[in-house]
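Inside the fold
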Amino acid sequence: MDKHYLTPLFSPESIVVFAGRADDPALAGTHAATLHQALRAQRFSGTLTFLDINTSGTLADLAQSRADLAIIALPPRDIPAALEVAGRMTCRSALVMSSGVDAEQARELTRIARRAGVHLLGPNSLGLQRPLLNLNASAAGPLARAGSLALVSQSGALITSMLDWARGNAVGFSAVVSLGQHAAVDIAQVLDFLASDPRTQSILLYLEGIASARGFMSALRSAATAKPVVVLKAGRRPAGNAAAQTHSGAIVGSDDVFDAALRRAGAVRVGSFVELFSAAKCLASRYRPVGRRLAVVTNGGGPGVLAADWVNELELQLGTLAADGAAALQAQLPDGASLADLIDLSEFAGPDHFRAAIEAANRDRTIDGVLAIYSPKVGLDAGAVAQALIEARPGMAKPLLACWMGDVAVEAARDLLGEAGVPCFRSPEAAVGAFSNIASFYRNQQLLQQTPPPLSALAKPDIEGARLVIESVLAERRKVLTEMESKTLLSAFHIPVTETILARSPNEAMMIATQLGFPVALKIDSPDVAHKSDVQGVALNIMSGASARDTYQDLVERVARQQPSVRINGVTIQKMARARRGREIHVGVVTDQPFGPVIVFGAGGTMIELIDDGAMELPPLNQFLARRLIERSRVARTLGAWRGAAAADIEALERILLRVSEMVCELPQLREMDINPIIVDESGAVAVDARIVIDHPGAGAGGRTGSAGQGYHHLAILPYPARYEQLWPLRGGGEYTVRPIHPDDAQMLQVLVQNLSPESRYFRFVSSMAELPPAMLARFTLIDYDREMALVAVVDERRPGPDGGAPVQTQRIVGVSRYVTNPDRASCEFSLVVADDFNGKGLGARLMESIMDVARDKGLAEIEGLVLANNASMLKLMRGLGFTVKPFAEDRDFVICSHAL
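Residues numbered from 1 in each chain as written. Predicted model: local features only at pLDDT ≥ 70, side-chain atom pairs only at ≥ 80, totals over all residues. Heavy atoms only, no water.

What the rule picks out here adds up to six cavities of 30 Å³ or more. Size it by volume and the largest cavity reaches roughly 80 Å³. As for the largest cavity, its lining consists of 13 residues, and the residues nearest its centre are L481, E483, S526, V529 and K532. For the lining of the largest cavity, the secondary structure elements donating two or more residues are α19 (483-492), β20 (520-525) and β28 (690-694). Class assignment of the residues belonging to the lining of the largest cavity gives a composition of six nonpolar, three polar and four charged. (1 Å grid on protein atoms, 1.4 Å probe; cavity = no way out; pocket = protein on both sides within 12 Å on 5 of 7 lines; lining within 4 Å. Points joined across faces, edges and corners; volume = space filled by probe spheres on them. Helix = DSSP H or I, 4+ residues; strand = E, 2+ residues; numbered from the N terminus. Nonpolar A, V, L, I, M, F, W, Y, C, P; charged D, E, K, R; others polar.)

Put into structure tokens, the structure is as follows:
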């Protein structure tokens, strides 16, 4: 049960090929015809059997065979019958290569596959390659070179182009997967497999659209936790969006939102095919930069300056040597060398100088990566300099990139570098861009590590009061809230708003304005007016009661003239916000298809559309995410002190963003929200105006239904499930907390594993490892709460302070229960471990009962797990909890324990 459910598809040991006849006219010019040739010419390491349903006997005869993978390369009319046979053969996976299958035919094939329990890749796919298995089940040309990169694409043409490029650049692949239109196995499932594939170190992904935001984000976050994922997405502009949707048949969505989603998932996005190639070069070298400081070593000032310009353009930092390192290197360099900013070795530099500079940069802790730029010089051997880089590379603890400028004179040197695994580029800009793309993996990993709860640590909002406002509006069959209703909703979540009173007559306006104190602002109040300024429905700086009375009449008449059919409730009156040097900010919510609600931050005011400043982030937010969202906006640079104005209160803006995140999480009816403007200065922030659009839960938001109380189904990223936290008494005295795991628990989890007895470690991991490898530790602590759950038992302990000082309070994880949802989405597999010194204190039973409660709450029907047959204490616990214990047919060393939920 440890094998991934797609292992039979991507790592089959036996294959049966429904090939038909190679001379069948119905196959002429199709992908299936190309596959015929590829399959018959390869050296697959497993068993490969060819069947012809037209000549090999009856379907019943064929059904006596067995195989991991069925490859179907037949005309569309014969595919359903072949897929039925594959199901009877107990094939666990199938690849349908035929092209030209429409949506209805594809749905029928998916129904057949699901009924037979077969995982189906295709139709309309170019197939797959697994070079390390010598498996070329594709129409994408010759088998790729073996390597550590996985390539997954929704475009067959891109795959063939990428493989052609890779053959000339010494880049190899662990897997190549083509996902065609209407594919049954989707991109999320493939990512899920590659995340656990030991042959894959990095993943390249070409996307045109996705079917399920929650499933995609869950799989992408899981994959990016384990290894770098680089994404090229088509449809950056409306025309491209339309073309992508037509081509892939998937939901495309807003490009800016997709950017935000990829960042939050810890993936890296590239903007062009060329950048994807550049990223492939770096990833093939298994470079993992941990920062943005790039040192440039060059033998020519001009190319170095070009590289430095691009470093600034991409918001990287130019890495410079520390004073002691620079002094030591300077003594080894020829006259004319400069180490002020660039590491300019001068035109007289030779191979030894390049190597000395690279090794100096490698030793410097203030440098994260090194780019060596070589310009051809008379009398200098480009190959010898390349060899110096190659010899320096094994000792490098950070990325080493090369740029050999020119063409004929450096071609052989470029080939040398490529063969040695040193990424080499033709221009400084391409090399710096490649470093930037891979370095952003580290930055995005910081976002991936964030797992905020739905509610922040701020004062609890009045969620019930907010829901009552929404229900009353929906009961009136309205979707747009008035300004008064909108501000009531904001106030329920403690977002500061200007005091606003509705006047229903000119005299009321005069009296309210006088009581509030001047100056005041008057705004038309109508459920039919989205933007008040568009209908001249706003009047500012009213200085007297008489003016307020007259302005009321003017506003109502003006709006009625422009839009005779609108309903007018009256005019709202509010005191003008006193902020002499206040900045106008906009905070909003939009609903994307397919990612659901997204939070927007940027410059506000009446020119918001022209300024077009809108940084985006997927909810939920915490303070770290809120601060990063502010920093990504263009208006952020105006929030500091400038021209006599004090710095704005950034923490006040962070609090508003946290409150908006709470609203999005707890109110699934929210569809749009514009808080504009928010006036912020050194003393705080206040919302001056707001517009909110609502709808019934499930109407939109990517088609997802549900409410906050049912698991936050309207969100693409599930919040940290704080509701499962419980405090329990410990048998023998004391107490412990059971709560969901989070990334900060990594060190405590490692200590738990290290302190287990060898027997306990073997019972849990069926391995003699003394500690968790870094990738496994990350995988166990940064989980997707939608598909799995891990509950930790935590106790408080007092330990001696450093150097015998006063005792300090620490926390310790003493047990973990976990489940992972099975592919059927109806059952799950569990695991359990308890610290040896806490055995017999009731932790195991409590952790199992708690994890079963969570699985039951998720709607799962059964929980099961493999237990070593000689693990007597675990089997006693299982039977005591009512589990059924049966032998495991595939391995007699295990028993399978199951319990209906």
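What follows picks up the thread again.
Counting across every chain of the model gives zero disulfides. C424 forms no disulfide, and the closest cysteine sulfur to it belongs to C403, at a distance of 6.9 Å. We classify C424 as buried; its relative accessible area is 8%. Take C897: it sits in no disulfide, and the sulfur closest to it among the cysteines is that of C828, at 13 Å. (Disulfide = S-S within 2.5 Å. Buried < 20%, exposed > 50% of the residue type's maximum accessible area, 1.4 Å probe, protein only.)

As a further point, take the pattern of salt bridges. Enumeration according to the criterion identifies 41 salt bridges in this entry. Of the charged contacts in the structure, one is a salt bridge between R167 and D164, with a shortest N-O distance of 3.9 Å. With R167 and D164 both in helix α6 (residues 156-167) and three residues apart, the pair spans about one turn of that helix. A relative accessible area of 40% places R167 in the partly exposed class. Residue class for D164 comes out exposed when judged on its relative accessible area of 52%. Between R812 and E797 there is a salt bridge, with its nearest N and O atoms 3.2 Å apart. Within this pair, whereas R812 is found in strand β32 (residues 808-821), its partner E797 is found in strand β31 (residues 788-799), the two being separated by 15 residues in sequence. The exposure classification of R812 matches that of E797, with both residues buried. Salt bridges linked by common partners bring E483, K487, K523, K532 and D689 together as one network. (Salt bridge = Lys/Arg side-chain N within 4 Å of Asp/Glu carboxyl O.)

For the rest of this paragraph, the subject is the packing of helix α23 (residues 623-632) against helix α24 (residues 650-666). In the contact formed by α23 and α24, the axes pass within 9 Å of each other and the chain directions differ by 115°. Here α23 lies roughly perpendicular to α24, going by the angle between them. You can see that α23 and α24 cross each other, and the crossing is right-handed. Listed contacts from α24 to Q623, A626, R627, L629 and I630 of α23 are I650, E651, L653, E654, L657 and L658. Taken together, the residues of the contact of α23 with α24 break down into seven nonpolar, one polar and three charged. (Axes fitted to C-alpha atoms, helices over the stretch in contact; angles between N-to-C directions. Parallel < 35°, antiparallel > 145°, perpendicular 65-115°, else oblique. Left-handed = near helix turned anticlockwise from the far one by under 90°. Contact = heavy atoms within 4.5 Å.)

Turning our eyes to something else, we now look at the pairing of strand β4 (residues 93-96). Sheet faces and side chains relate simply in a regular strand, where the side chains alternate between the two faces. The alternating pattern of β4 places S93 and L95 on one face and A94 and V96 on the opposite face, and all of these are buried. Here strand β3 (residues 69-72) runs beside β4; their pairing, made up of four bridges, is parallel. Residue pairing across strands places I72 opposite V96, the latter belonging to β4. For the crossover that starts at β3, traverses helix α4 (residues 79-88) and ends in the parallel β4, the hand is right-handed. As paired elements, β4 and strand β5 (residues 119-121) share three bridges and run parallel to each other. In the strand pairing of β5, A94 is matched with L120. Each parallel crossover has a hand, and the one from β4 via helix α5 (residues 103-116) to β5 is right-handed. (Pairing = 2+ DSSP bridges. Right-handed = clockwise from strand over helix to strand, strands pointing away.)

Attention now goes to the sheet that holds strand β11 (residues 229-233). Pairing within the open sheet is mixed, and its seven strands lie in the order β7-β6-β9-β8-β10-β11-β12. A strand with exactly one partner marks an edge of an open sheet, and here the two such strands are β7 (135-138) and β12 (268-270). Across the sheet, the axes of successive neighbouring strands diverge by a mean angle of 20°, strand direction being ignored. Pairing geometry for strand β8 (residues 146-153) and strand β9 (residues 173-178), over six bridges, is parallel. The residue bridging V152 from the neighbouring strand is V177, located in β9. Across the sheet, helix α7 (residues 187-196) touches β6 (127-130), β8, β9 and β10 (202-207), and the angle it forms with β10 is around 175°.

What follows covers the confidence of the model for the protein. On average, the protein scores 87 in pLDDT, and the residues at 70 or more come to 90%. Counted against residues more than four places away or in other chains, residues 700-709, with its pLDDT under 50, gives 29 contacts. (pLDDT = per-residue confidence, 0-100.)

So, about the side chain of E788. Note that E788 resides in strand β31. Given a relative accessible area of 2%, E788 falls into the buried group. Setting aside residues no more than four positions away along its own chain, E788 makes contact with R779, I783, R818, Y819, V820 and T821.

Turning our eyes to something else, we now look at the side chain of D695. Residue position: D695 is located in the loop between β28 and β29 (726-729). Taking the relative accessible area as the measure of exposure, D695 reaches 13% and is therefore buried. Within the structure, the side chain of D695 is placed 3.3 Å from the side chain of K479, a separation counted as a polar contact. Aside from chain neighbours lying at most four places away, what touches D695 is L474, K479, Q669 and R671. (Polar contact = N/O pair within 3.5 Å; in protein donor to acceptor, adjacent residues only side chain to side chain.)

This part is about the sheet that holds β4. Read from one edge to the other, the open sheet built from five strands follows the order β2-β1-β3-β4-β5, with strand pairing classed as parallel. One side of each edge strand has no neighbouring strand; the edge strands of this open sheet are β2 (47-51) and β5. Going from strand to strand, the sheet's axes swing by 20° on average, the running direction of each strand aside. One ladder, built from four bridges, connects strand β1 (residues 14-18) with β3; its direction is parallel. Looking at the pairing, V16 lines up with A70 of β3. The sheet contacts of α4 involve β1, β3, β4 and β5, and relative to β3 the element is tilted by about 170°.

Okay, unusual backbone geometry next. Residue P519 is reached from F518 by a cis peptide bond, and omega for that bond is 0°. Here N676 and P677 are connected by a cis peptide whose omega angle stands at 0°. Counting through the fold element by element, P677 comes out in strand β26 (residues 670-681). In this structure, S346 is a non-glycine residue whose phi angle is positive, near 80°. Structurally, the position occupied by S346 is in the loop between β15 (343-344) and α14 (351-363). Residues other than glycine seldom take positive phi values, yet H494 does so here, at roughly 60°. One can find H494 in the loop between α19 and β19 (500-503).

The end-to-end C-alpha distance of helix α21 (residues 545-562), which contains 18 residues, comes to 26 Å, matching closely the 26 Å that a straight helix rising 1.5 Å per residue would cover. All buried positions along α21 are accounted for by G545, A548, T551, Y552, L555 and V559. Angular distribution of buried residues about the axis of α21 spans 110°; they occupy a single face of the element. For α21, the elements touching its buried residues are β19, α20 (506-516), β20, β21 (538-542) and β22 (570-575). (Expected span 1.5 Å × (residues − 1). Arc of directions from axis to C-beta.)

Taken together, the buried positions of helix α25 (residues 746-754) are A746, M748, L749, Q750, L752 and V753. Buried positions along α25 lie against β30 (735-740), α26 (758-765), α27 (774-781), β32 and β33 (827-834).

The next thing to look at is the packing of aromatic side chains. Following the criterion strictly, the structure yields seven aromatic pairs and no others. For the pair F765 and F780, a centre-to-centre distance of 6.4 Å together with 15° between the ring planes defines the contact as stacked. One end of the pair, F765, is in helix α26; the other, F780, is in helix α27, with 15 residues separating them in the sequence. Overall, F765 belongs to the buried group, its relative accessible area being 17%. Relative accessible area serves as the criterion here: at 16%, F780 is assigned to the buried category. Grouped by ring-pair contacts, the aromatic residues F216, F258 and F595 constitute a single cluster. (Phe/Tyr/Trp six-rings, centres within 6.5 Å; stacked < 30°, edge-to-face > 60°.)

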